[in-house]
Amino acid sequence: MTNRIFTLTDQDGKSSEFAVQEGTHGPGCISISDLYAKTGCFTYDPGFGATGSCKSSISFINGEEGILLHRGYPIDQLAEKSSYLELCYLLLNGELPSETEFAEFDSSIKLHTMVHENIRDFINGFRYDAHPMAMLVGTVGALSSFYHDSLDISNPEHRQTSAHRLIAKLPTIASYCYRHHRGLPFMYPDNNLGYVDNFMQMMFSVPAQDYKHSSTAARALEVMMILHADHEQNASTSTVRLAGSSGANPFASIAAGIASLWGPAHGGANEAVINMLDSIYNSGETIETTIARAKDKNDPFRLMGFGHRVYKNFDPRAKIIAGLCHELLDELGGDQPMFDLALELEQATLADDYFKERRLYPNVDFYSGIILRALNIPMNMFTVMFAMARTVGWISHWLEMHHDPEFRIGRPRQIYIGHAKRDYPG
Ligand code: SDX
């Protein structure tokens, strides 16, 4: 660990020194907590593009090379060899589980798959056409009103129970949001099934007949959930950390993350990509006009599913999902023309100087909607799927924050550009 020092010298020649903190991978961070004391100035970094908010051991992204690690393991190896629930254990605990550890974890999760019966009434209180994300953010926030026995955030056992409850209950609640929207009866969890199989039966089975889904579809969904589980300090994870930094309970903190994920610049992009492809396919827009709009500074339209704050190369998750599309669409009966259009749009964009100069590549959301559609998941549920998968990442960061010796409430400063002090007239 080098002891690099940065010296800041102002125009009067006054110098201040700041230590650089180095991590395992990635650029060092200049420690500036004493910047104001030494210089009388704050930093200014809208969007926090060059600002480290915390130390974390959970995930690491190398944006230049398009690499994503979870507790050191590359995402492509996890997608190929792991399961979503094993990845949950890894993200929560830092190491892959032994057989015994996994069995105990799996039993604990299964203990919490059901939700309080009143939650059915809670969800039934929404209009039938409420957006599933509106139902999800409201219902997850309301969980804190049902589980008073695990809200003491200073109690490690409470923190763990809440983490397991959230991981266990998100699939149940997500399926309820879908079923309410469709006017279908809510299906109870079946703890004889694995995590993903259980979610699929809660989503798609009906009491009137036996239900069976293809193992291919279940594996595709498992991989999708692995790919969406965590991603460093993205907007929604940073929201969870900021909400949690005030001492807010885990359910309220995760609900804040769900709210942030909903935006089309973040987790809402998967739904926006399909709308974009649909509009090219069905409304006479062409690839050329779509790309022209994305480049037009007078048009707020952006090419959905493209670009990323950190990846300046292919998002490794997009590559894996595109591979899934190639493998599975025939078998799943997916929308091959939509996938062909997406491939064509990707080729046209990657050949365009505007995107090449800005290093804008497909991100995780570009192809995910095609797989989700092939799994018969409706578009308004796409971001719910993202939230369900990302819950383990959010709660892992929430837990890590509570173990951080440097933990304090997040409270950024500002550059005030309003009126100078003035007196009230009269
Ligand atoms: C996710 O952070 C995460 O890790 C997020 C995520 C996760 O797993 O949590 O990976 C999930 O949110 C993926 C991103 C999904 N969003 C989209 O696909 C929406 C479309 N993408 C853009 O809105 C944008 O690329 C962002 C929001 C993803 C990134 O925005 P930045 O980092 O603020 O980029 P920027 O605005 O600084 O753009 C730099 C330039 C600008 O042009 P100039 O001003 O330099 O001329 O690139 C342009 C932008 O106009 N640009 C785009 C573009 N993305 C950036 N132009 C057209 N289409 C785009 N998609």
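Look up a bit, the structure's there.
Residues numbered from 1 in each chain as written. Predicted model: local features only at pLDDT ≥ 70, side-chain atom pairs only at ≥ 80, totals over all residues. Heavy atoms only, no water.

1. A look at the overall build of the protein chain
Alright, step 1. Looking only at helices and strands, the protein chain has 18 helices and 6 strands in total.
Alright, step 2. If one aligns the C-alpha atoms of the protein chain with their principal axes, the spans along those axes are about 80 × 60 × 55 Å.
Alright, step 3. Looking at the protein chain as a whole, 47% of its 426 residues qualify as buried.
Alright, step 4. Expressed as a percentage of contacts within the protein chain between residues at least 6 apart in sequence, the contacts between residues at least 24 apart total 69%.
Alright, step 5. With the model as given, the accessible surface of the protein chain reaches about 21200 Å², and the carbon-plus-sulfur share is 52%.
Alright, step 6. With 35 positive and 50 negative side-chain charges, the protein chain shows a spacing of 7 Å between the two charge centroids. (Helix = DSSP H or I, 4+ residues; strand = E, 2+ residues; numbered from the N terminus. Buried < 20%, exposed > 50% of the residue type's maximum accessible area, 1.4 Å probe, protein only. Contact = heavy atoms within 4.5 Å. Areas by Shrake-Rupley, 256 points an atom, 1.4 Å probe, with all protein chains shown as cover. Lys, Arg positive; Asp, Glu negative; His and termini not counted. Charge placed at Lys NZ, Arg CZ, Asp CG, Glu CD.)

2. Things to note about the sheet that holds strand β1 (residues 5-9)
Alright, step 1. Strands sit in the order β1-β2-β3 across an open sheet of 3 strands; the sheet is antiparallel. With partners counted over all chains shown, the strands left at the sheet margins are β1 and β3 (29-30), one partner each.
Alright, step 2. Pairing between β1 and strand β2 (residues 15-21): 5 bridges, direction antiparallel. Each residue of the ladder has a partner; that of T7, found in β2, is E17. (Pairing = 2+ DSSP bridges.)

3. Things to note about unusual backbone geometry
Alright, step 1. With phi around 55°, F48 is a residue other than glycine that occupies positive phi space.
Alright, step 2. As for its placement among the helices and strands, F48 is situated in the loop between α1 (35-39) and β4 (59-62).
Alright, step 3. Positioned with a positive phi, R359 is a non-glycine residue whose angle comes to about 50°.
Alright, step 4. Here R359 shows up in the loop between α16 (353-357) and α17 (364-374).
Alright, step 5. Since its relative accessible area comes to 34%, R359 is described here as partly exposed.

4. Structural notes on the site of the ligand
Alright, step 1. The full set close to the ligand counts 24 residues, and H231, H308, R309, R317 and R390 are the nearest of them.
Alright, step 2. Between H266 and the ligand, the recorded distance is 2.9 Å, taken from a side-chain N or O atom to an oxygen atom.
Alright, step 3. At a separation of 2.8 Å, an oxygen atom of the ligand approaches a polar side-chain atom of R302.
Alright, step 4. Relative to its unbound accessible surface of 1000 Å², the ligand loses 77% to contact with the protein.
Alright, step 5. Of the residues assigned to the shell around the ligand, the class counts are 10 nonpolar, 7 polar and 7 charged. (Near = heavy atom within 4 Å. Polar contact = N/O pair within 3.5 Å; in protein donor to acceptor, adjacent residues only side chain to side chain. Nonpolar A, V, L, I, M, F, W, Y, C, P; charged D, E, K, R; others polar.)

5. Structural notes on helix α4 (residues 99-111)
Alright, step 1. Taking 1.5 Å per residue, 13 residues should reach 18 Å; α4 reaches 18 Å between its end C-alpha atoms and fits that length.
Alright, step 2. The set of residues buried in α4 consists of F105, D106, S108 and I109. In a view along the axis of α4, the buried residues occupy a sector of 160°, so they form one face of it. Exposed and oriented more than 90 degrees from the buried face of α4 are E99, T100, E104 and L111.
Alright, step 3. On its buried face, α4 is in contact with α3 (84-93), α7 (156-182) and α8 (195-204). (Expected span 1.5 Å × (residues − 1). Arc of directions from axis to C-beta.)

6. Considerations on the packing of helix α12 (residues 269-282) against helix α15 (residues 336-350)
Alright, step 1. Where α12 contacts α15, the axes come no closer than 10 Å and their chain directions differ by 95°. On the basis of the axis angle, α12 is roughly perpendicular to α15. The residues of α15 that touch α12, namely those facing I274, M276, L277, D278, I280 and Y281, are P337, M338, L341, A342 and L345.
Alright, step 2. Within the contact of α12 with α15, the residues separate by chemical class into 10 nonpolar, no polar and 1 charged. (Axes fitted to C-alpha atoms, helices over the stretch in contact; angles between N-to-C directions. Parallel < 35°, antiparallel > 145°, perpendicular 65-115°, else oblique.)

7. Here we look at the packing of aromatic side chains
Alright, step 1. Under the counting rule described, the total for this entry stands at 14 aromatic pairs.
Alright, step 2. Consider the rings of F306 and F366, whose centres lie 4.9 Å apart with planes at 75°: the pair is edge-to-face. Taken together, the residues F306 in the loop between α13 (287-295) and α14 (316-332) and F366 in helix α17 connect sequence positions 60 residues apart. One exposure class covers both F306 and F366, and it is buried.
Alright, step 3. Seen in terms of ring centroids, F314 and Y361 are 5.3 Å apart; in terms of plane orientation they differ by 45°. Their pairing is tilted. Of this pair, F314 sits in the loop between α13 and α14 while Y361 sits in the loop between α16 and α17, and the two are 47 residues apart along the sequence. (Phe/Tyr/Trp six-rings, centres within 6.5 Å; stacked < 30°, edge-to-face > 60°.)

8. A short note on the nonpolar core
Alright, step 1. In this structure, Y84, L136, V140, I167, L345, Y367 and I370 are the most contacted members of the largest nonpolar core, which totals 113 residues.
Alright, step 2. Top element by residues in this core is helix α18 (residues 382-403). It accounts for 13 residues.
Alright, step 3. Those residues in contact with I370, other than ones at most four positions away along the chain, are I274, L277, C325, L329, M338, F339 and A342. (Core = buried A, V, L, I, M, F, W, Y, C linked by side-chain atoms within 4.5 Å.)

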